[in-house]
Amino acid sequence: MTEVIRMTTTETAGAAPKHGAAPDRTADERPVKIETRKLSKLFGPRPERAIEHIRSGGSKQEAQERFGVAIGCFEVDLKIHAGETFVLMGLSGSGKSTLLRLLNRLHEPSSGQVLIDGEDVTKLNKQELLRVRREKFSGMVFQQFAILPHRTVLDNVGYGLEVQGASRSELRERSMRAIELVGLNGWENNLPAQLSGGMQQRVGLARALAVDADVLLMDEAFSALDPLIRREMQDELLELQSRMGKTIVFVTHDLDEALRLGDRIAIMKDGEVVQVGTAEEIITKPSDAYVEAFVEGIDRTEVLTASSIMQPVKETAHVRDGPRTVLTKIRRYGLSGILVVDSDRTLKGFLPAEAVIEQLEDDAASRDRIEEKRIVPASSVQTTIALQEVIAHSTDATGPIAVVDDAGKLRGVIVKGAILAALVRGGEAAVADRPGRAVGGEGAHDGAAAGEGAS
Ligand SMILES: Nc1ncnc2c1ncn2[C@@H]1O[C@H](COP(=O)(O)OP(=O)(O)O)[C@@H](O)[C@H]1O
Ligand SMILES: [Mg+2]
């Protein structure tokens, strides 16, 4: 199965433009960035007695009652690869935050090890630990991060650097870069109270990014946001990640969020990791009833999005093209028509081949420009639309389905063959949504440019 995914990724890589270096989903060849070995955290006195009790076959429940401890996480073995977005998912109380905090030793482990780039951080003294934190970890991004109300956006973003002792000019430069990354430029001199909730969360993200270390830890960072803004932040994180290639450990109790963001997902239950896998592996092969219950309601047509099955548009007509030029473009690819865009690639509509021919046959018609009246509305969907909605759309679409971004710019095109391919191969080759990650195998290769061919 791993092979299948990799082959598909390579095959489509040539055909689809990638937005930056989207990490390989399987991630296997990349170096291990974070490793945990039998990592446990029990809260309460003398946790080792309780650990021993469980190891020798006692139940956790019993151990908690008899020894007065709370089990945060128990004997977790994980390998997280460099550049991977790794999600810890599970019900409230399943140990996600505890595990996350163990990674940079915000919690001291009760037993077991944490290795960062092969270095066992559980053995470090205070000073060495500070060095590792500074070099390897950007700050944590929490649901409620500590925004400082009397500081400007710039000084909030620079806070992590300030703590590290960065100079004023360095602080400014790096903070501004992070502010730009999260799209808050122009707001740097505002106070947090002047920002919306979503924007405040961006400040938190920017603060972590300003530190610019390899590992970013995020604990329910988007959970308090309303659904639309939350989705927007998820998209933004994906987009940022495709450019930054950081190692992100992201905690959420929300499966949809996990599926959207995670290259791999670890499902936690009662302090243990019960399954690790890609979104697809989790959906198609849940390891036990607990995971099954989680993914039961998940429909792969919800997991896949338009951007994951779209193809690049090979040819478009420009609003200023003449009818002959357009007809040549249409014929070159044997299309039934062509998508029309203006100079900044904003989608204007669809031009059926017959309409162009009609214009050419009409003696009174313009020879210089495509006439506006010949252009019909194009079927279009947004990049983030779920496959499900694309399908609903496709039943009444005659031409290709254009895929546009928030700004209405043409990003790709979906041909019906690709939809079918994604559904049929659902269990094997479908890859969850990533910017620019095309799926579709054979389906993606025929149908050529901006349409379904003349067929
Ligand atoms: N500081 C603490 N003291 C005592 N028990 C704790 C502490 N932090 C977490 N726990 C317990 O550890 C378990 C896991 O908690 P947590 O890691 O916060 O879960 P999650 O983040 O998945 O909701 C829970 O039973 C919780 O009550
Ligand atoms: Mg938590």
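What comes next is a walk through the structure. Owing to the predicted nature of the structure, the values given are computational and were not obtained by experimental measurement. (Residues numbered from 1 in each chain as written. Chains lettered and ligands numbered in written order. Predicted model: local features only at pLDDT ≥ 70, side-chain atom pairs only at ≥ 80, totals over all residues.)

### Focus on the sheet that holds strand β6 (residues 137–142)
Strand order in the open sheet formed by 6 strands is β6-β7-β8-β3-β9-β10, and the pairing between neighbours is mixed. The strands lining the two open edges of the sheet, one partner per strand, are β6 and β10 (272–277). Across this sheet, the average inter-strand angle for adjacent strands is 15°, counted without regard to direction. Sheet topology note: the strand β7 (residues 215–219)/strand β8 (residues 247–252) ladder contains 5 bridges and is parallel. Looking at the pairing, Asp219 lines up with Val251 of β8. (Pairing = 2+ DSSP bridges. Helix = DSSP H or I, 4+ residues; strand = E, 2+ residues; numbered from the N terminus. Axes fitted to C-alpha atoms, helices over the stretch in contact; angles between N-to-C directions.)

### A look at the pairing of β6
Most of β6 sits inside the fold, with 5 of its 6 residues counted as buried. Direction of pairing for β6 relative to β7: parallel, over a ladder of 4 bridges. Counterpart to Phe137 in the pairing with β7 is Val215. (Buried ≥ 20, exposed ≤ 12 C-beta atoms within 10 Å, placed from the backbone.)

### Things to note about the site of ligand 1
Close to ligand 1 lie Phe43, Ala70, Gly72, Gly90, Ser92, Gly93, Ser94, Gly95, Lys96, Ser97 and Thr98. Of all the elements in the fold, those that place two or more residues in the shell around ligand 1 are β2 (70–81) and α4 (96–103). At 3 residues, α4 tops the list of elements feeding residues into the shell around ligand 1. Partitioned by chemical class, the residues of the shell around ligand 1 number 2 nonpolar, 8 polar and 1 charged. (Near = placed C-beta within 6 Å. Nonpolar A, V, L, I, M, F, W, Y, C, P; charged D, E, K, R; others polar.)

### Observations regarding the packing of helix α9 (residues 197–211) against helix α10 (residues 227–244)
At a minimum axis separation of 10 Å, α9 and α10 run at an interaxial angle of 30°. Classified by the interaxial angle, the pair formed by α9 and α10 is roughly parallel. The crossing of α9 and α10 is right-handed. Listed contacts from α10 to Gly197, Gly198 and Gln201 of α9 are Ile229, Glu232 and Met233. Of the residues contributing to the contact of α9 with α10, the split by class is 2 nonpolar, 3 polar and 1 charged. (Parallel < 35°, antiparallel > 145°, perpendicular 65-115°, else oblique. Left-handed = near helix turned anticlockwise from the far one by under 90°. Contact = placed C-beta atoms within 7 Å.)

### Re the sheet that holds β2
Strand order in this open sheet of 4 strands is β2-β1-β4-β5, and the pairing throughout is antiparallel. Lying at the two open borders of the sheet, with one neighbouring strand each, are β2 and β5 (119–120). Of the strand pairs in this sheet, strand β1 (residues 32–43) and β2 are connected by 8 bridges, and their pairing is antiparallel. If you follow Lys41 over to β2, its bridge partner there is Cys73. Where helix α2 (residues 47–55) meets the sheet, it contacts β1, β2 and β4 (111–116), and its direction lies at approximately 105° from that of β1.

### Notes on α9
Since there are 3.6 residues in each turn of an α-helix, residues three or four apart along the chain are aligned in direction. With 15 residues, α9 should cover 21 Å at 1.5 Å per step; its first-to-last C-alpha distance of 22 Å lies within 8% of that length. Of all 15 residues in α9, 12 are buried, a share of seventy percent or more. In the core, the buried residues of α9 are packed alongside β6, α6 (153–157), α7 (159–163), α8 (168–181), β7 and α10. Residue Asp212 follows α9 closely and has a positive phi angle near 55°. (Expected span 1.5 Å × (residues − 1).)

### Considering the nonpolar core
Ala206, Leu339 and Ile414 are the most contacted members of the largest nonpolar core, which has 105 residues in total. In terms of residues, this core owes the most to one element, α9, which gives 7 residues. Residues lining this core come from more than one domain, with at least three contributed by each of domain 1 (27–277) and domain 2 (307–444). (Core = buried A, V, L, I, M, F, W, Y, C linked by C-beta atoms within 7 Å. Domains from an automatic or database assignment.)

### Looking at the environment of Glu280
By the element assignment, Glu280 lies in helix α12 (residues 279–284). We classify Glu280 as buried; it has 22 C-beta atoms within 10 Å. Sequence spacing of Glu280 and Val303 is 23 residues, and the spatial spacing of their C-alpha atoms is 8.7 Å.

### Side note on the pairing of strand β16 (residues 410–414)
Among the 5 residues that make up β16, 5 are buried, leaving the element largely enclosed by the rest of the structure. Sheet topology places strand β15 (residues 401–404) next to β16; 4 bridges connect them, and they run antiparallel. In the sheet register, Val403 faces β16, and the bridge partner there is Gly412. Count of turn residues in the β15/β16 antiparallel hairpin: 5 residues, of which Gly408 carries a positive phi of about 80°.

### Concerning unusual backbone geometry
The backbone phi angle of Asp212 is positive, close to 55°, even though this residue is not glycine. A tally of 16 C-beta atoms within 10 Å means that Asp212 is categorised as partly exposed. The phi dihedral of Arg345 falls on the positive side, at around 65°, and the residue is not glycine. Since 18 C-beta atoms lie within 10 Å of it, Arg345 is described here as partly exposed.

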